[in-house]
Amino acid sequence: MKKAFTGKRKVLIIGIVFVIAIVGIMATLIVKQPNEVGKGAENTENEIPPEVKSEIERLLLEPEIHITRWSVNTAEKRVDIFVYKLTPENERLNGKIIDGWTMNISEDIEFKREVEKLDAELERLKEKPEMEICGWVISNKRVDIFVDNLTPENQQLNGKMIDGWKVHVWKSLLPPKEVALSDPRIKEKIEGKEYEVKEHTRKASGDKEILVDVYIRIKEPKKTIIATVDVVKQEVIGINETNSWISIPER
């Protein structure tokens, strides 16, 4: 099953007291569950060398790594990093040694099963017209559901627990890609060119900051423009360019 804006549709954005209106695009966001302890590991983050801790913090900010949680085993000097999906980007980290500590990369099968079960329930709710659900995001034991309009039916979901995930219901804002494409700087760069647009959530800090990278891949000359959109403020806060097409994270 493809997850990134093709095939089954989900939402890749969260909001504070708002929600993003998504037209035909839905994706799921996975965020870290920091210092979560796996079997045989000890909850001893303070015993990790600074170099190892710094590397973990860096990787947690890399969307292409797809980290769902991590744990440490001080006896074996090992960091177990669980990812939503094994990719060339995260597999190359397997066996990496930093200051005597070894990184072990594993696919988080248990988390994937939980997400798939929750997705199925949300898809069922979305089919009810009175819910007016246009998308959702799954993060750390939290589900943000986006609706076109607040109704008595969807408001009953607010604060409810679904399979151990707490539900928050928000009304919509403009999708990040619309914010990006309406920015004068982006308009100037893409004027008269053929391109495709995709989105990927970069950062979600509680209810205060949601950053989404909008990937604009220009076909000729081949180039990728990445516009970082502050979803809450509804503005582009950064623009980067590469002279090639780069892979877009699926999660």
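Keep in mind that what you see is a predicted model, and the values were worked out from it rather than measured.

How each quantity is defined
- Residues numbered from 1 in each chain as written.
- Predicted model: local features only at pLDDT ≥ 70, side-chain atom pairs only at ≥ 80, totals over all residues.
- Heavy atoms only, no water.
- Helix = DSSP H or I, 4+ residues; strand = E, 2+ residues; numbered from the N terminus.
- Buried < 20%, exposed > 50% of the residue type's maximum accessible area, 1.4 Å probe, protein only.
- Contact = heavy atoms within 4.5 Å.
- Pairing = 2+ DSSP bridges.
- pLDDT = per-residue confidence, 0-100.
- Polar contact = N/O pair within 3.5 Å; in protein donor to acceptor, adjacent residues only side chain to side chain.
- Phe/Tyr/Trp six-rings, centres within 6.5 Å; stacked < 30°, edge-to-face > 60°.
- Lys NZ or Arg CZ within 6 Å of the ring centre and 35° of its normal.
- Salt bridge = Lys/Arg side-chain N within 4 Å of Asp/Glu carboxyl O.
- Arc of directions from axis to C-beta.

Participant: Can you walk me through the overall build of the chain in this structure?
Facilitator: Secondary structure summary: the chain contains six helices and 13 strands in total. Counting all 251 residues of the chain, 47% fall into the buried class. Looking at the chain alone, contacts between residues at least 24 apart form 52% of all its contacts between residues at least 6 apart.

Participant: Explanation requested: the environment of Ile 65 in the structure shown.
Facilitator: On the secondary structure map, Ile 65 appears in the loop between α1 (50-60) and β2 (67-73). With relative accessibility at 4%, the residue Ile 65 sits in the buried group. As for Ile 65 and Ile 81, which are separated by 16 residues in sequence, their C-alpha atoms are 9.9 Å apart. Those residues in contact with Ile 65 that sit more than four places away from it in its chain are Leu 59, Val 83, Glu 89, Asn 90 and Leu 93.

Participant: Help me out: how do you make sense of unusual backbone geometry in this one?
Facilitator: Most peptide bonds adopt trans geometry, and most residues besides glycine take a negative phi value. For the bond running from Glu 220 to Pro 221, omega is -10°, close enough to zero to count as cis. Note on placement: Pro 221 falls in the loop between β11 (209-218) and β12 (223-230). A positive phi angle, near 60°, is found at Gln 234, a position not held by glycine. Relative to the helices and strands, Gln 234 resides in the loop between β12 and β13 (235-242).

Participant: I would appreciate a short explanation of the sheet that holds strand β5 (residues 101-107) in the present structure.
Facilitator: Strand pairing in a sheet takes place through backbone hydrogen bonds and is either antiparallel or parallel in direction. Spatial ordering of the open sheet is given by β2-β3-β5-β4, a layout of four strands whose pairing is mixed. Strands with a single pairing partner mark the edges of an open sheet, and in this sheet they are β2 and β4 (97-98). Where β4 meets β5, two bridges bridge the pair, whose relative direction is antiparallel. Paired with Ile 97 across the bridge in β5 is Thr 102.

Participant: Before we go on, may I ask you to explain the side chain of Thr 151 in this structure?
Facilitator: Inspection of the secondary structure assignment puts Thr 151 in the loop between β7 (142-147) and α4 (152-155). By relative accessible area, which is 11% here, Thr 151 ends up buried. Excluding residues within four positions of it along the chain, Thr 151 makes contact with Glu 130 and Glu 132.

Participant: Mind showing me how you'd approach the confidence of the model for the chain here?
Facilitator: In regions of low pLDDT, the predicted coordinates are not meant to be interpreted in detail. Averaged over all residues, the pLDDT of the chain equals 78, while 77% of them reach at least 70. Every residue in residues 1-44 is under pLDDT 50, and counting partners more than four places away or in other chains gives 158 contacts.

Participant: Before we go on, may I ask you to explain the side chain of Asp 144 in this structure?
Facilitator: Mapping Asp 144 onto the fold places it in strand β7. Only 2.8 Å separates the side chain of Asp 144 from the side chain of Arg 142, close enough to count as a polar contact.

Participant: What exactly am I supposed to notice about the packing of aromatic side chains here?
Facilitator: Within a pair of aromatic rings, the relevant descriptors are the distance that separates the centres and the angle that separates the planes. Here the structure, examined in full by the defined rule, presents one aromatic pair. Residue placement shows Arg 69 over the ring face of Phe 82; its charged tip is 3.9 Å from the ring centre. Here the guanidinium or amino end of Lys 112 rests over the ring plane of Tyr 84, the centre of that ring lying 5.2 Å away.

Participant: Even after reading the chapter, I still don't get the pattern of salt bridges, so can you show me in this structure?
Facilitator: Any two side chains of opposite charge can pair, on the condition that their charged atoms come close. Here the structure, examined in full by the defined rule, presents 15 salt bridges. One salt bridge in this structure joins Arg 78 and Glu 76, with 2.3 Å as the shortest N-O distance. Overall, Glu 76 belongs to the exposed group, its relative accessible area being 53%. For Lys 219, the salt bridge identified is with Glu 194, shortest N-O distance 3.3 Å. Of this pair, Lys 219 sits in the loop between β11 and β12 while Glu 194 sits in the loop between α6 (184-190) and β10 (195-205), and the two are 25 residues apart along the sequence. Given the relative accessible area of 53%, Glu 194 is considered exposed.

Participant: Sorry, what's going on with the pairing of strand β6 (residues 133-139) here?
Facilitator: Most of β6 is tucked away, with seven of its seven residues classed as buried. Relative to β7, β6 is paired through six bridges, and the arrangement is antiparallel. Opposite Ser 139, over in β7, you have Arg 142 as the bridge partner. Between β6 and the antiparallel strand that follows it, β7, lie two residues; Lys 141 among them carries a positive phi value of about 55°.

Participant: What should I look at first to understand α1 in this one?
Facilitator: Since the α-helix packs 3.6 residues into each turn, any two residues three or four apart lie on the same face. Along α1, the positions that sit buried rather than exposed are Val 52, Glu 55, Ile 56 and Leu 59. One side of α1 holds all its buried residues, which, seen down the axis, span an arc of 100°. Where the residues of α1 are buried, they touch β2, β3 (78-83), β4 and β5.

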